[in-house]
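Here's the letter readout for the chains.
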Amino acid sequence: MEEAKWYVAHTFSGYENKVASNIITVVENRNLHDLIYEVAIPTETVKELKSDGTEKEYQRKLMPGYVFIKMVMTDESWYVVRNIRGCTGFVGPDGEPQPLTDEEVISNNLEHVSVKVEYEQGDLVNVVDGPLVGFSGTVQSIDIENNSVQVLVSMFGRETNVEFELDQLEKVSDQY
């Protein structure tokens, strides 16, 4: 069986939620859980300050007119999505469904990649990726949510605070 990938369906503007809920309903009714896994509409929380001083919070669509679907592309799954009312087709060359790349999936926050962090604040780490490969330093702070680590690196005789991504470092082993 083919692996499920993320695809993008184009919808009439304002129909994103309706199309998404209709896809979910069809999946439930026809028991297509093995073909269509997930439906998502990327949103962000926006705070708006009203003229009377009150604050209103609401969800704003990041990509109006699009619905993201994690599915195994078959004739049946293509037909189901394509024939949902309000859906105008898939995004891709000549309307042919084009799966998203791993980078696009991550940048649209459809799936989060978890990185196992084997070091903590105060540990000595080696840089294993990026322009400073081979340098080492001491971890100053770790921000897992933002995928960043502050490390004090000794470069050219000076201590410099450098920001790295979590997977660019590895803990120096305690064995001598």
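Residues numbered from 1 in each chain as written. Predicted model: local features only at pLDDT ≥ 70, side-chain atom pairs only at ≥ 80, totals over all residues. Heavy atoms only, no water.

Novice: What is the right way to look at the overall build of the protein chain in this model?
Specialist: The secondary structure content of the protein chain amounts to three helices and eleven strands. Going residue by residue from the N terminus, the α and β elements of the protein chain occur as β-α-β-β-β-β-α-β-α-β-β-β-β-β. For a compact globule of 176 residues, the expected C-alpha radius of gyration is about 16 Å, and the protein chain comes in at 23 Å, more than 25% above that figure. In terms of overall dimensions, the protein chain has C-alpha extents of about 65 × 55 × 30 Å along its principal axes. Here the protein chain, with 176 residues, has 32% of them falling under the buried criterion. Of the contacts formed within the protein chain by residues at least 6 apart in sequence, a portion of 54% connects residues at least 24 apart. Entry remark: accessible area of the protein chain is about 11900 Å², with carbon and sulfur atoms responsible for 45%. Placing the 14 positive and 31 negative side-chain charges of the protein chain at their respective mean positions leaves the two points 10 Å apart. (Helix = DSSP H or I, 4+ residues; strand = E, 2+ residues; numbered from the N terminus. Rg over C-alpha atoms; globule rule 2.2 N^0.38 Å. Buried < 20%, exposed > 50% of the residue type's maximum accessible area, 1.4 Å probe, protein only. Contact = heavy atoms within 4.5 Å. Areas by Shrake-Rupley, 256 points an atom, 1.4 Å probe, with all protein chains shown as cover. Lys, Arg positive; Asp, Glu negative; His and termini not counted. Charge placed at Lys NZ, Arg CZ, Asp CG, Glu CD.)

Novice: Mind showing me how you'd approach the sheet that holds strand β2 (residues 36-40) here?
Specialist: Sheet strands associate in pairs through backbone hydrogen bonding, adopting either a parallel or an antiparallel arrangement. Read across the sheet, four strands follow the order β2-β5-β1-β6 without closing on themselves; strand pairing throughout is antiparallel. At either margin of the open sheet sits one strand with a lone partner, and together these are β2 and β6 (87-90). Averaged over all adjacent pairs, the angle separating strand axes in this sheet is 30°, with direction ignored. Where strand β1 (residues 5-11) lies against β6, three bridges are found, and the strand directions are antiparallel. Looking at β6, one finds that His-10 is bridged to Gly-89. (Pairing = 2+ DSSP bridges. Axes fitted to C-alpha atoms, helices over the stretch in contact; angles between N-to-C directions.)

Novice: Please explain the pattern of salt bridges as it appears in this structure.
Specialist: Close approach of charged atoms lets side chains of opposite charge pair. Applying the stated rule across the entire model yields five salt bridges. In this structure, Glu-16 engages Lys-61 in a salt bridge whose closest nitrogen and oxygen atoms are separated by 4.0 Å. Residue Glu-16 is located in helix α1 (residues 16-30), and its partner Lys-61 is located in strand β4 (residues 55-61); the two are separated by 45 residues in the primary sequence. For Lys-61, a relative accessible area of 27% puts it in the partly exposed group. With a shortest N-O distance of 2.1 Å, Glu-44 and Arg-60 are connected by a salt bridge. Here Glu-44 is found in strand β3 (residues 43-49), whereas its partner Arg-60 is found in strand β4, with 16 residues between them in sequence. (Salt bridge = Lys/Arg side-chain N within 4 Å of Asp/Glu carboxyl O.)

Novice: Would you take a moment to explain unusual backbone geometry for this structure?
Specialist: Across residues other than glycine, the phi torsion is negative in most instances, and most of the peptide bonds are trans. With a phi angle near 55°, Asn-31 is a residue other than glycine that sits in the positive phi range. Along the chain, the position of Asn-31 falls in the loop between α1 and β2.

Novice: Would you explain the environment of Phe-90 in this entry?
Specialist: Here Phe-90 is to be found in strand β6. Between the C-alpha atom of Phe-90 and that of Val-8, which follows or precedes it by 82 residues, the distance is 5.9 Å. Aside from chain neighbours lying at most four places away, what touches Phe-90 is Tyr-7, Val-8, Ala-9, Met-71, Met-73, Trp-78, Val-81, Gly-95 and Pro-97.

Novice: Would you explain the packing of aromatic side chains in this entry?
Specialist: The relation between two aromatic rings is expressed through the spacing of the ring centres and the mutual angle of the planes. Under the definition given, this model contains two aromatic pairs. A ring pair is formed by Tyr-7 and Phe-90, whose centres lie 6.3 Å apart and whose planes are at 80°; its orientation type is edge-to-face. Note that Tyr-7 is positioned in strand β1 and Phe-90 in strand β6, a separation of 83 residues in sequence. No difference in accessibility class separates Tyr-7 from Phe-90, as the two residues are buried. Centroid distance Phe-12 to Tyr-15: 5.7 Å. Interplanar angle 75°. Geometry classified as edge-to-face. Residue Phe-12 is classed as partly exposed on the basis of its relative accessible area of 46%. (Phe/Tyr/Trp six-rings, centres within 6.5 Å; stacked < 30°, edge-to-face > 60°.)

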